[in-house]
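# Inside the fold
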Amino acid sequence: MELDTSLSPRVDSLKPSKTMVIVDCATALVQAGVPVIRLAAGESDFDTPNEIAEAGINAIRQGYTRYMPNAGTLELRTAICHKLMGVLAVCSPGDEVIIPAPFWVSYPEMARLADARPVILPTLISDDFLLNPKVLASKLNEKSRLLILCSLSSPSGSVYPKKLLEEIADVVAKHPRPLVLSDEIYEHIIYPPAKLKSFASLPGMWERTLTVNGFSKAFAMTGWRLRARCLKVIELLQTCCERCKYNSTHCASVCGLLKTSSRSFLRSPDLSISHGFL
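Only a predicted model underlies this, so the values are computations on that prediction, with no experimental measurement involved. Sequence order as written defines residue numbering, which begins from 1 separately in each chain. Thresholds applied to this predicted model are a pLDDT of at least 70 for local features of residues and 80 or more for the giving and counting of side-chain atom pairs; totals over whole chains, interfaces and linings are not thresholded and use all residues. In computing side-chain properties, one takes all heavy atoms of the structure into account and sets aside hydrogens as well as water.

### Section: the overall build of the protein
The helix and strand inventory of the protein stands at 11 helices and five strands. Remark: exposure states derive from per-residue accessible area (1.4 Å probe, protein chains only) relative to the maximum for the residue type, with buried under 20%, exposed over 50%, and partly exposed in between. Per-residue burial for the protein yields a buried fraction of 41% across its 278 residues. Residue burial considers only the protein chains on display, and all accessible areas are found by Shrake-Rupley using a 1.4 Å probe. Carbon and sulfur atoms make up 59% of the accessible area of the protein, which amounts to about 16300 Å² in all. Only DSSP runs of H or I covering at least 4 residues are called helices, and only runs of E covering at least 2 are called strands; the numbering of each starts at the N terminus.

Rendered as structure tokens:
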């Protein structure tokens, strides 16, 4: 009798991350001695700031090496609040996730993982690859559940101006179901005269917006695997699946000590980055 090791149709339908495929190819070339300029993964070209690194080292020495609450320590969560998995949490089978192109390659797979259908809306170079509100209005329907906006956009580098975001918000507000996932991971790597306007800060959009942010890009912490979340439903999902990471060979305590070390820059009065970015 042969053991059934097949995967569920949901998982089996997922495609590998194109970003990581390119990263792996570039790494193999470097190891073979080929000079490579890596442009696949969004990583800062500077090291983690010393203040953050020292905070992580001190956290280990102070004994922050055990399980922490899934939501993070109260101290860190308070710091995040003062600073200011969504797709799976809000989408149901048959829902549509609207994604302006060009886009980060993992967005469609996130929609498919939630049994939702990715709807790709093309943008024009003459519009700086920014979503046209009229195009959005023509595509919204009763199945539309989530609009994904990324500003500063990966991979185009475009930043949505306030007026355009307000026009998009007006379109969204005319429908009862759509939410907006605002990917603001590059918040602190925006150069003048462009300015970031958080979608959740627009009138009537606070309740409709899932804001995605993190520490990896602006603070060169891509290898720290630190994240923040502010939704109760996300916390519930995390309690169900986070144990897999805790029991991995990366050591169960890593998340706890990293959550502790991140407080140092969340409290910093100046979060600007003066280094370059690739």
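### Topic: the packing of aromatic side chains
Two rings belonging to Phe, Tyr or Trp (six-membered ring only in the last case) form a pair when the distance between their centres is within 6.5 Å. Interplanar angles under 30 degrees mark stacking, angles over 60 mark edge-to-face geometry, and anything in between is tilted. Scanning the entire structure with this criterion turns up one aromatic pair. Taken together, a centroid distance of 5.5 Å and an interplanar angle of 90° make the contact between Trp104 and Tyr107 edge-to-face.

### A closer look at the nonpolar core
If you look at the biggest cluster of nonpolar residues, it comprises 20 residues, and the most contacted ones within it are Leu131, Leu136, Leu147, Leu149, Tyr160, Ile168 and Phe199. Sorting the residues of this core by element identifies strand S2 (117-121), strand S3 (144-150) and helix H8 (162-173) as the ones contributing at least two each. Beyond its immediate stretch of four places on either side in the chain, Ile168 contacts Leu131, Pro133, Leu136, Leu147, Leu149, Tyr160 and Phe199. Membership of the second largest hydrophobic core comes to 14 residues, among which are Ile99, Ala111, Ala114 and Leu146. Here, nonpolar core refers to any group of buried Ala, Val, Leu, Ile, Met, Phe, Trp, Tyr and Cys residues whose side-chain atoms link them within 4.5 Å. By the convention used here, residues are in contact when the closest approach between their heavy atoms is within 4.5 Å.

### A closer look at the pairing of S2
DSSP bridges decide pairing: two strands pair if at least two such bridges lie between them. Note: strand S1 (residues 96-100) against S2, five bridges, orientation parallel. Residue Ile98 lies in a different strand from S2, and its bridge partner there is Val119. Clockwise travel from the first strand over the helix to the second, with the strands pointing away from the viewer, marks a crossover as right-handed. The β-α-β motif built from S1, the intervening helix H6 (residues 107-113) and the parallel element S2 has right-handed crossover chirality.

### What to know about the sheet that holds strand S5 (residues 209-212)
Spatially, five strands are ordered S2-S1-S3-S4-S5 in an open sheet, and the strand pairing comes out parallel. Both outer strands of the open sheet, S2 and S5, are each paired with one neighbouring strand and no more. Averaged over all adjacent pairs, the angle separating strand axes in this sheet is 20°, with direction ignored. Pairing of strand S4 (residues 179-183) with S5 involves four bridges; the strand directions are parallel. By the bridge assignment, Asp183 is partnered in S5 with Val212. For every element, the axis is a line fit to its C-alpha atoms; helices are fit only across the contacting stretch, and the angle between N-to-C directions ranges from 0 to 180 degrees.

### Digging into the pairing of S4
Look at any regular strand and the pattern is simple: side chains alternate between the two faces of the sheet. When you tally the buried positions in S4, you get five out of five residues, the bulk of the element. Residues Leu179, Leu181 and Asp183 point to one face of S4 and Val180 and Ser182 to the other, with burial holding for every one of them. Bridge count for S3 against S4 is five bridges, and the pairing is parallel. Across the sheet, the residue bridging to Cys150 is Asp183, located in S4. A crossover links S3 with its parallel partner S4, the connecting element being H8, and its sense is right-handed.

### Remarks on helix H2 (residues 18-31)
A helix is expected to span 1.5 Å for every residue after the first. When the terminal C-alpha atoms of H2 are compared, their 20 Å separation across 14 residues agrees well with the 20 Å that a helix rising 1.5 Å per residue should span. Just beyond H2, the residue with positive phi is Gly33, at close to 90°.

### Some words on the side chain of Glu184
Position of Glu184 among the secondary structure elements: in the loop between S4 and S5. Looking at Glu184, the relative accessible area reads 3%, which means it is buried. Within 3.5 Å is the distance limit for a polar contact, defined as a pair of N or O atoms, with the added protein rule that one can donate a hydrogen and the other accept it, and that residues adjacent in sequence qualify only through two side-chain atoms. Among the polar contacts listed, one links the side chain of Glu184 to the side chain of Ser198, at a separation of 3.0 Å. When neighbours within four sequence positions are excluded, Glu184 is seen to be in contact with Ser151, Leu196, Ser198, Phe199, Thr211, Val212 and Asn213.

### What about the pattern of salt bridges?
The working definition used for a salt bridge is a side-chain nitrogen of Lys or Arg within 4 Å of a carboxyl oxygen of Asp or Glu. Inspection of the entire model under this criterion finds four salt bridges. Notably, a salt bridge pairs Glu167 with Lys163, separated by 2.6 Å at the nearest N-O pair. Of this pair, Glu167 and Lys163 are both found in helix H8, four residues apart, which corresponds to roughly one turn of the helix. By relative accessible area, Lys163 is classed as exposed at 57%.

### Some remarks on unusual backbone geometry
Cis geometry is found at the peptide bond from Ala101 to Pro102, where omega equals 0°. Position of Pro102 relative to the elements: it lies in the loop between S1 and H6. Residue Pro193 is bonded to the preceding Pro192 through a cis peptide linkage, with omega at 5°. Topologically, Pro193 is positioned in the loop between S4 and S5. Although it is not a glycine, Asp128 adopts a positive phi angle of roughly 60°. Examined against the element boundaries, Asp128 turns out to sit in the loop between S2 and helix H7 (133-139).

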